[in-house]
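Residues per chain, in single letters:
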Amino acid sequence: KHKDAITSISITSDSDFHATHPAGTLLNDCFDMPELETLNGMGYENGGTNPRMSSYLSIPLQKAPAVKGKHTFTLQVKTTGGDTHTATCVPVVLIR
């Protein structure tokens, strides 16, 4: 198991997504979010230095935005150790 378990994952956009999801609000309900229990159950090999899972994590978009255009998504992961890890993707243009 991971040294520090994931306690939360959040996704936001720098642009308005829907009337109920203005820029900067939580968009987790618009994505197919992974179960934290599943992520935390994935262990490590070789004494904790070689993850058995890929460092790539796919979180598919499930609801199209009402506001088409450029979105820069930010993913934030919090752990039981109190750490917060943040990654911001390159801007994407959603057209459908």
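Residues numbered from 1 in each chain as written. Predicted model: local features only at pLDDT ≥ 70, side-chain atom pairs only at ≥ 80, totals over all residues. Heavy atoms only, no water.

**Student:** I tried to follow the pairing of strand S5 (residues 73-79) on my own but got confused; where do I start?
**Tutor:** Where a strand is regular, its side chains alternate between the two sheet faces. Where strand S1 (residues 6-13) meets S5, seven bridges bridge the pair, whose relative direction is antiparallel. Note that in S5 the partner of isoleucine 9 across the bridge is valine 77. Note that S5 and strand S6 (residues 84-88) share five bridges and pair antiparallel. By the bridge assignment, threonine 74 is partnered in S6 with threonine 88. (Pairing = 2+ DSSP bridges. Helix = DSSP H or I, 4+ residues; strand = E, 2+ residues; numbered from the N terminus.)

**Student:** Sorry if this is basic, but what is going on with the environment of threonine 88 here?
**Tutor:** By the element assignment, threonine 88 lies in strand S6. Through-space distance from the C-alpha of threonine 88 to that of leucine 75 is 6.3 Å; in sequence the pair is 13 residues apart. Once you skip the residues sitting within four places of it in the chain, threonine 88 turns out to touch Thr72, Phe73 and Thr74. (Contact = heavy atoms within 4.5 Å.)

**Student:** What exactly am I supposed to notice about the environment of threonine 7 here?
**Tutor:** Along the chain, threonine 7 falls in strand S1. Looking at threonine 7, the relative accessible area reads 42%, which means it is partly exposed. Measuring from C-alpha to C-alpha, the distance between threonine 7 and threonine 84 comes to 10.0 Å, with 77 residues separating the pair along the chain. Here threonine 7 is in contact with Leu36, Lys78, Thr79 and Thr80, once residues within four sequence places are set aside. (Buried < 20%, exposed > 50% of the residue type's maximum accessible area, 1.4 Å probe, protein only.)

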